[in-house]
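Now for the letters of each chain:
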Amino acid sequence: MEKVSDILKKIMLGILLGIILLTLALMVREGLTSKSYLAALVVGAAWAAALLYYLRRREKQGKACFTQNISANKLALGIAIFCFVINLIWVIAIRIEPFSDYDKYWQVAISLATGREIEDAWYIAMYPHILGTASFLSIFVRIFGQSVLMVTVLNVLLTALSGLIVFYICLEIADKEIAAMASLLWAICPCKLMLNSLVFSEPLYTCLILLFLLAFIKLHGNVSEDRSQWWVYMVEGALLGFLLQCINIVRPIAGILIIALFIWLIMLRGEELKKLKLWRSWAFVLLPLVFFYSGTGNIWTSHVAELVGMEPAAVPIYNIYVGFNETTQGQWSADDMDLLFEYLSQPGVSPSQAQESLLPLLKERLTSGIDYAKLFSSKLIAFMGNDELGGYTYRFTRPVIFVKLGMVVGNVFYYGILLLAVYGLCRMFRGKFRSSALLLPLYVLGLTLAHMLVEVANRYHYSIIPMLIIFAALAFSRREKT
């Protein structure tokens, strides 16, 4: 079983490595016409190689790492404070008023906080995760008032907390030096810093995802060493189920984590697959996890229906329909949105029914002779090809040079991280890291493949950036925890 599990692990990591390398190759091709991409790739490779060379040289010379005489907790707190300060400076100095979907989050949050009627309730029923983020923000609107700056400071707090969680994930699967490197890279990530000025959901659900992964990795350590009683596992399973539902309320991607969890449980645990006692322990975890996830999901759906006065959409047929639009390369389509409006405008048609009305058209689109290789490569570029959204976001409010510089800086950092992540994933491929660490690449792979089927946008890769940074940090050390 251990050999089979190791083979399956290498297949999974090999697929993810192939996707990242394909992304880089596609961007090299793009760089032949858009020189800025090629330049960003070269500079990204240069800073990554220079940092790797410098740290490896210090290691060979036996020079002490700056983290050596600092306790893990003090180091984590110090980096988190550093992360908070530099991101806070940005959101105070560089402000932007909410627009487009970001304004929708803001207006719904204000409506919830003030008790006024939610405008465009049908839109919330179509995308109930907007209500999830807005509900969270409305708590702070009630306390601090209608201040966009308050929301951006909240983004900074969530970003710093995410950096803290990244540190402890790396501490679980590697060592203190790797943890420090990963959390520092996250702290200075330029696109994340620039996006903190927006009213959006990514900082919240990314923080929740990282919290779930850390909690699960720690739980795996307890289960594998049989440290707790059955009722403790049940409580922890219930809490994990609730946390998964919180993620799903803010962004409906918890299913990817659940699938990743079961793939790991059934296929990737190595020699633990032979231990019957561990199977029983995991049963005590998973039964309440599924029960609480499902139960709280039903409660939330009822709450949304009561608040907006109509049944929320369950299956994202519209998003799948857009995802296979060759004209827009699987990205947002005005024509597809108009078609959805047409169905919604019919008397008595709910958002859920409007989505179902698109099903015959979806089947027709899937059988219309799509060039899937071209479509998927275009979607991969849109999803993972660059990290320039931070700069591009300011195109309406800042000079062109500001926007272009922000885009280039974001790409330079991102391409360096991608290249280091390839190295780090190769280490995972060859090494014997704690098996629950495989949930990180499983999530990245799952989210990427999911967006090959549904509507895609560059913004949607935000939650995989900390995972890529963790993989990148693994390139800087030869040690791991099993």
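Just so we're clear, the structure is a prediction, and the values are computed from it rather than from any experiment.

What follows is about the overall build of the protein chain. When you go through the protein chain residue by residue, the secondary structure sums to 22 helices and 0 strands. In terms of overall size, the protein chain behaves like a compact globule, its C-alpha atoms giving a radius of gyration of 23 Å where 482 residues would be expected to give roughly 23 Å. Principal-axis analysis of the C-alpha atoms places the extent of the protein chain at approximately 75 × 60 × 55 Å. Evaluated residue by residue, the protein chain yields a buried proportion of 56% over its 482 residues. Long-range contacts, defined as pairs at least 24 residues apart, comprise 81% of the intrachain contacts of the protein chain with a sequence gap of at least 6.

The subject of this paragraph is the pattern of salt bridges. Once the charged atoms of two side chains with opposite charge are near each other, the side chains can pair. Enumeration over the complete set of coordinates arrives at 9 salt bridges. Note that Lys104 and Asp120 form a salt bridge whose closest N and O atoms lie 3.1 Å from each other. You can see Lys104 sitting in helix H4 (residues 100-114) and its partner Asp120 sitting in the loop between H4 and helix H5 (121-126), a full 16 residues away along the chain. A relative accessible area of 40% means that Asp120 is categorised as partly exposed. Through salt bridges with shared partners, a single network forms among Asp6, Lys9 and Lys10.

Another point: the packing of helix H1 (residues 2-31) against helix H20 (residues 400-430). For any two helices packed against each other, one specifies the inter-axial angle together with the distance between the axes. Interhelical geometry of H1 versus H20 gives an angle of 160 degrees and a closest axis separation of 10 Å. Judged by the angle between their axes, H1 and H20 are roughly antiparallel. Where H1 crosses over H20, the two elements pack in a sense that is left-handed. Residue-level inspection shows Lys9, Lys10, Leu13, Gly14, Leu16, Leu17, Ile20, Leu21, Leu24 and Met27 of H1 in contact with H20, the latter providing Tyr415, Leu418, Leu419, Val422, Leu425, Cys426, Met428 and Phe429.

We now examine the nonpolar core. One finds Ile169, Phe212 and Phe471 to be the most contacted residues of the largest nonpolar core, which totals 173 residues. Ranked by residues supplied to this core, first place goes to helix H7 (residues 148-173) with 14 residues. Setting aside residues up to four positions removed in sequence, Phe471 forms contacts with Leu16, Leu420, Ala421, Gly424, Leu425, Met428, Leu440, Pro441 and Val444.

Next up on the list: the packing of helix H8 (residues 176-188) against helix H22 (residues 465-473). Here H8 crosses H22 at 140 degrees, and the two axes come no closer than 9 Å. Here H22 runs oblique to H8, going by the angle between their axes. As for the relative orientation of H8 and H22, their crossing is right-handed in sense. Across from Ile178, Met181, Ala182, Leu185 and Trp186 in H8, the residues of H22 making contact are Ile465, Pro466, Ile469, Ile470 and Ala473.

Here Thr296 lies in helix H13 (residues 276-308). Sequence spacing of Thr296 and Phe242 is 54 residues, and the spatial spacing of their C-alpha atoms is 7.0 Å. A distance of 3.3 Å separates a polar side-chain atom of Thr296 from the backbone oxygen of Tyr293.

Relative to the helices and strands, Asn319 resides in helix H14 (residues 317-323). Among residues more than four places away in sequence, those in contact with Asn319 are Tyr127, Val454 and Glu455.

In the structure shown here, the tally under the stated rule is 24 aromatic pairs. Their ring planes at 80 degrees and their centres at 6.2 Å tell us that Trp90 and Tyr394 sit as a pair that is edge-to-face. You can see Trp90 sitting in helix H3 (residues 72-93) and its partner Tyr394 sitting in the loop between helix H19 (389-392) and H20, a full 304 residues away along the chain. Judged on exposure class, the residue Trp90 and its partner Tyr394 are both buried. Between the aromatic rings of Trp264 and Trp282, the centroid separation amounts to 5.3 Å while the plane-to-plane angle is 80 degrees, which identifies the pairing as edge-to-face.

Scoring rules and cut-offs
- Residues numbered from 1 in each chain as written.
- Predicted model: local features only at pLDDT ≥ 70, side-chain atom pairs only at ≥ 80, totals over all residues.
- Heavy atoms only, no water.
- Helix = DSSP H or I, 4+ residues; strand = E, 2+ residues; numbered from the N terminus.
- Rg over C-alpha atoms; globule rule 2.2 N^0.38 Å.
- Buried < 20%, exposed > 50% of the residue type's maximum accessible area, 1.4 Å probe, protein only.
- Contact = heavy atoms within 4.5 Å.
- Salt bridge = Lys/Arg side-chain N within 4 Å of Asp/Glu carboxyl O.
- Axes fitted to C-alpha atoms, helices over the stretch in contact; angles between N-to-C directions.
- Parallel < 35°, antiparallel > 145°, perpendicular 65-115°, else oblique.
- Left-handed = near helix turned anticlockwise from the far one by under 90°.
- Core = buried A, V, L, I, M, F, W, Y, C linked by side-chain atoms within 4.5 Å.
- Polar contact = N/O pair within 3.5 Å; in protein donor to acceptor, adjacent residues only side chain to side chain.
- Phe/Tyr/Trp six-rings, centres within 6.5 Å; stacked < 30°, edge-to-face > 60°.

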